[in-house]
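# Close look at the chain arrangement
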Amino acid sequence: MNDKITNWTRSDDAMVENAIRRGATRRELLQMMLAGGVALSAGTLVLGRAGNAVAATPVSGGVLKAAGWSSSTADTLDPAKASLSTDYVRCCSFYNRLTFLDKSGTPQMELAEAIDTKDAKTWTVKLRKGVTFHDGKPLTADDVIFSLKRHLDPSVGSKVAKIAAQMTGFKAVDKQTVEITLANPNADLPTILSMHHFMIVADGTTDFSKGNGTGAFVREVFEPGVRSVGIKNKNYWKSGPHVDSFEYFAISDDSSRVNALLSGDIHLAATINPRSMRLVESQGDGFVLSKTTSGNYTNLNMRLDMEPGSKRDFVEGMKYLVNREQIVKSALRGLGEVGNDQPVSPANFYHNPDLKPRAFDPEKAKFHFEKAGVLGQSIPVIASEAANSAIDMAMIIQASAAEIGLKLDVQRVPSDGYWDNYWLKAPVHFGNINPRPTPDILFSLLYASEAPWNESQYKSEKFDKMLIEARGSLDQEKRKAIYNDMQVMVANEAGTIIPAYISNVDAITAKLKGLEPNPLGGQMGYAFAEYVWLEA
C-alpha cells in the first residue's frame, strides 16, 4: 500500500466526484479505495480534492431567498431611478449592462461585444447578437440609445443625469452597432457604463414595474416595499442562472435579519452589523461571513446651506470631534479602515495617501464650537439603521460632544422611508454611500456643485473645473494629481465627515456557493442572484 498513487488519472477523479454527487459517503469511498490498495493518507487527499471540485461545480435548481436591509414603497425597477441596494439587486437580476466590473475592477463586456475608441470622445459599441428581452423582442441599437438618452430627460429623474450629460450624441450605425459621442474625452466610459443605472431597457418602455430586461430572471412578483420574485429566464443568452427562482425582500432590523438566516428562512442576510458577526460565527460550519472592502462608507453630513452647518466653525469643530479610530474599533468591530473625509478609498488607484485623517482633538473642537456659538444648544442629529452602523457612530460622537459641553440630540428614525424623508434633507444626518469605481463618478454624484446627491450642498467653481479637466485628460499622472488635490478640497471644505471605509459583511448559509467579492459592493456587487447556486 503506497502513500502516493502513481496511476491515478483525471477519469478516476471524475469517478469519485460523481460518486459524491450520487450520495456516496466519505466512509464508503475510503473503504472502496483501501480495498483497492490505496493508502489512507492518499485516499483522504483524493477525497478532499474531489469534495472541493464538487463544491466549486454549480448545481442547478432551488429557490434562492435573500434579505437586504432597506426598502420602501418607492422601490423601483427603473434602473435610472434606482437609489439603494435593494433596487440594485433587483435591477441586476432582471436587466443587463453593456459592461460589468469583474472582481479586480476591470471592465468586461456584457451586452456589448466590443467598445472601441481612438480619441476617448467618440466610442463605437458593438452589441452581441442573439440577445432577447423577456417579452421576446431582440436587442438592437435602438434599445441602447433609448436607455442612455432617458438619463438626459429631466422628466425621468435619473439618478445619474449629471454623469450622462457628457453623452451628447447617439447614432445607430446599424442594428447591432451604436456610436456614442461625448462632450469631452473620457477614458472611463466603459467603467461608467458598468454602473447599475445604465442597465439596458427595451426601446419605448414606459411601465418599468414589469422589469422587462434581458437579464437572468423574469419578473413574476414586484411589490414595492414588500418583496420581488424572479423566475429563471429559460432563454437567457448567458449560461445560468443556476437557481430556479429568486425572492428578495428587506428585513430592516439587523437581529431579525440574522435570525431569519439562522432559522433557515433565507440563504443570505445582506450587510449585517458587526455586532451580529459573533452570533453567526458561533453557529459552526453551517454559516459563512462574506467580507468585501471596496469603498462603502457611512458618513455624517452637515448641510452648509442650513444652520448650524452654515457656520464654518461648527463644521470644523465636528471634524475634530469625531474619533475615527474608536469608530473603526468599536462601531465597526475592526471591520474597516480609518477614513479621511473624502470618498476615494485606499482600494482605488487614485486614493491620496498623503491626505491624513483629521486627528481627534476635543479641545480644538471646543474652540471652534465656541466661535460658532453652539455650545449649550441642542443640535438634532438624524440617524437610522438604514445607514449601516450610523446609530453606533452617533452614540460615540454624542459621548465625545457631551464631554466638552455640546449637546447632540441623536434622533433615531425608522429605516423605512429614510432615504426619501431624511437623507439630503435634514441639517445634520447620516448617509451611506455604496462603492463607485472611479473618482469622476464619486465626485460627479456627490460633490460637484450640481451633483444630484450633494449631501452637504458643497459648491466650488474651482472644484467643478478640476473635475472636467481630470475627466478629459488622457495623461494618467496628471489625472492622479488633480484627483489628489480634489480629495484635499473635499476633506477640508465640504460638510461631510467620512470616518471610515467599511468592510461589508454578508452572512450566508454554507449551502450558498459561488459568492465572490466585487468592487461595486456587497452581495457580489448586488448581482449575486445570477451567479450563485445552492448546494444539494
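Refer to the structure presented above.
A brief look at the structure comes next. Computed from a predicted model, the values in this text were never measured in an experiment. (Residues numbered from 1 in each chain as written. Predicted model: local features only at pLDDT ≥ 70, side-chain atom pairs only at ≥ 80, totals over all residues. Heavy atoms only, no water.)

Moving on to the pairing of strand S10 (residues 245–250). Burial analysis of S10 places five of its six residues in the buried class, the great majority of the element. Pairing analysis gives six bridges linking strand S1 (residues 63–68) to S10, with the strands arranged parallel. For Lys-65, the partnering residue across the bridge sits in S10 and is Glu-247. Pairing analysis gives five bridges linking strand S9 (residues 227–232) to S10, with the strands arranged antiparallel. Its bridge partner lying in S10, Gly-230 is registered against Phe-246. (Buried < 20%, exposed > 50% of the residue type's maximum accessible area, 1.4 Å probe, protein only. Helix = DSSP H or I, 4+ residues; strand = E, 2+ residues; numbered from the N terminus. Pairing = 2+ DSSP bridges.)

Next up on the list: helix H8 (residues 254–262). Buried residues of H8: Asp-254, Arg-257, Val-258, Ala-260 and Leu-261, and no others. Each buried residue of H8 lies within a common arc of 155° when the element is viewed along its axis, so the set occupies one face. Summarising the contacts, the buried residues of H8 are in contact with S1, strand S11 (268–269), helix H9 (274–281), strand S12 (287–293) and strand S19 (500–509). Among the residues of H8, the N-terminal cap falls to Asp-253, whose side-chain oxygen and the backbone nitrogen of Ser-255 are separated by 3.3 Å. Looking one or two residues past H8, Gly-264 carries a phi angle of roughly 90°, positive in sign. (Arc of directions from axis to C-beta. Contact = heavy atoms within 4.5 Å. Polar contact = N/O pair within 3.5 Å; in protein donor to acceptor, adjacent residues only side chain to side chain.)

If you walk across this open sheet you meet the four strands as S4-S5-S7-S6, and the pairing is antiparallel. Both edges of this open sheet fall to strand S4 (112–117) and strand S6 (167–174), since each of them pairs with a single strand only. Here the strands of the sheet are splayed against their neighbours by 20° on average, with no regard to which way each runs. Sheet topology places S6 next to strand S7 (residues 177–182); six bridges connect them, and they run antiparallel. Each bridged residue has a counterpart across the sheet, and for Phe-170 the counterpart in S7 is Ile-180. (Axes fitted to C-alpha atoms, helices over the stretch in contact; angles between N-to-C directions.)

This part takes up the packing of helix H15 (residues 439–446) against helix H16 (residues 461–472). Between H15 and H16, whose axes approach to 11 Å, the crossing angle comes to 150°. It follows from the interaxial angle that H15 and H16 lie roughly antiparallel. The interaxial crossing formed by H15 with H16 has left-handed handedness. Across the interface between the two elements, Asp-440, Phe-443 and Ser-444 from H15 touch Phe-463, Leu-467 and Arg-471 from H16. Taken together, the residues of the contact of H15 with H16 break down into three nonpolar, one polar and two charged. (Parallel < 35°, antiparallel > 145°, perpendicular 65-115°, else oblique. Left-handed = near helix turned anticlockwise from the far one by under 90°. Nonpolar A, V, L, I, M, F, W, Y, C, P; charged D, E, K, R; others polar.)

What follows covers the layout of surface pockets. Approximately 590 Å³ is the volume attributed to the largest pocket. Elements represented by at least two residues in the lining of the largest pocket include exactly S12, H15 and helix H17 (476–493). In the lining of the largest pocket, the residues fall into 14 nonpolar, 14 polar and four charged. (1 Å grid on protein atoms, 1.4 Å probe; cavity = no way out; pocket = protein on both sides within 12 Å on 5 of 7 lines; lining within 4 Å. Points joined across faces, edges and corners; volume = space filled by probe spheres on them.)

Attention now goes to empty space enclosed by the protein. A full pass over the atoms with the stated rule returns five cavities of 30 Å³ or more. Estimates place the volume of the largest cavity at around 140 Å³. Lining the largest cavity are 14 residues; nearest its centre among them are Ser-83, Leu-84, Trp-419, Asn-432 and Asn-434. Among the secondary structure elements, those contributing two or more residues to the lining of the largest cavity are helix H4 (85–94) and strand S17 (428–433).

In this section: the packing of aromatic side chains. For any pair of aromatic rings, the description consists of the separation of the ring centres together with the inter-plane angle of the planes. All chains considered together, the criterion is met by 17 aromatic pairs. Centre to centre, the rings of Phe-443 and Phe-463 are 5.3 Å apart; their planes meet at 85°, and the pair counts as edge-to-face. Taken as a pair, Phe-443 in helix H15 and Phe-463 in helix H16 lie far apart in primary sequence, 20 residues in all. By way of ring pairs, the aromatic residues Phe-349, Tyr-350, Phe-443, Tyr-447, Tyr-458, Phe-463 and Tyr-483 are connected into one cluster. The ring of Phe-100 carries the charged tip of Lys-238 above its face, separated from the ring centre by 5.7 Å. Its end group placed over the ring of Tyr-320, Arg-358 keeps NZ or CZ at 5.0 Å from the ring centre. (Phe/Tyr/Trp six-rings, centres within 6.5 Å; stacked < 30°, edge-to-face > 60°. Lys NZ or Arg CZ within 6 Å of the ring centre and 35° of its normal.)

For the rest of this paragraph, the subject is unusual backbone geometry. Of all residues except glycine, most have a negative phi; of all peptide bonds, most are trans. Here the bond from Gly-240 into Pro-241 is cis, since omega is 0°, no more than 30 degrees from zero. In this structure, Pro-241 sits in the loop between S9 and S10. Backbone torsion omega between Glu-307 and Pro-308 reads 0°, so that peptide bond is classified as cis. Mapped onto the secondary structure, Pro-308 falls in the loop between strand S13 (297–302) and helix H10 (312–321). Here Met-524, not a glycine, exhibits a phi torsion of approximately 60°, which is positive. Looking at the secondary structure, you find Met-524 in helix H18 (residues 522–525). Positive phi outside glycine occurs at Tyr-526, with the angle close to 75°. Along the chain, Tyr-526 turns up in the loop between H18 and helix H19 (528–531).

Structurally, the position occupied by Glu-363 is in helix H12 (residues 362–372). The class for Glu-363 is exposed, based on a relative accessible area of 56%. Through-space distance from the C-alpha of Glu-363 to that of Tyr-248 is 48 Å; in sequence the pair is 115 residues apart.

We now examine the side chain of Asn-233. Here Asn-233 shows up in the loop between S9 and S10. The class of Asn-233 is buried, set by a relative accessible area of 8%. Polar side-chain contacts of Asn-233 include one of 3.0 Å to the backbone nitrogen of Asn-235. Excluding residues that lie within four positions of it along the chain, Asn-233 makes contacts with His-134, Thr-214, Gly-215, Ala-216, Phe-217, Val-218 and Pro-241.

On to the pattern of salt bridges. Using the criterion set out here, one finds 22 salt bridges in the structure. Ionic pairing is found between Glu-516 and Lys-103, a salt bridge with its closest N-O pair at 3.9 Å. Placement of Glu-516 in the loop between strand S20 (512–513) and H18 and of Lys-103 in the loop between strand S2 (99–101) and strand S3 (107–109) is noted, with a sequence separation of 413 residues between them. What makes Lys-103 exposed here is its relative accessible area of 58%. (Salt bridge = Lys/Arg side-chain N within 4 Å of Asp/Glu carboxyl O.)

Everything listed here is a matter of geometry and, on its own, says nothing about what the molecule does.
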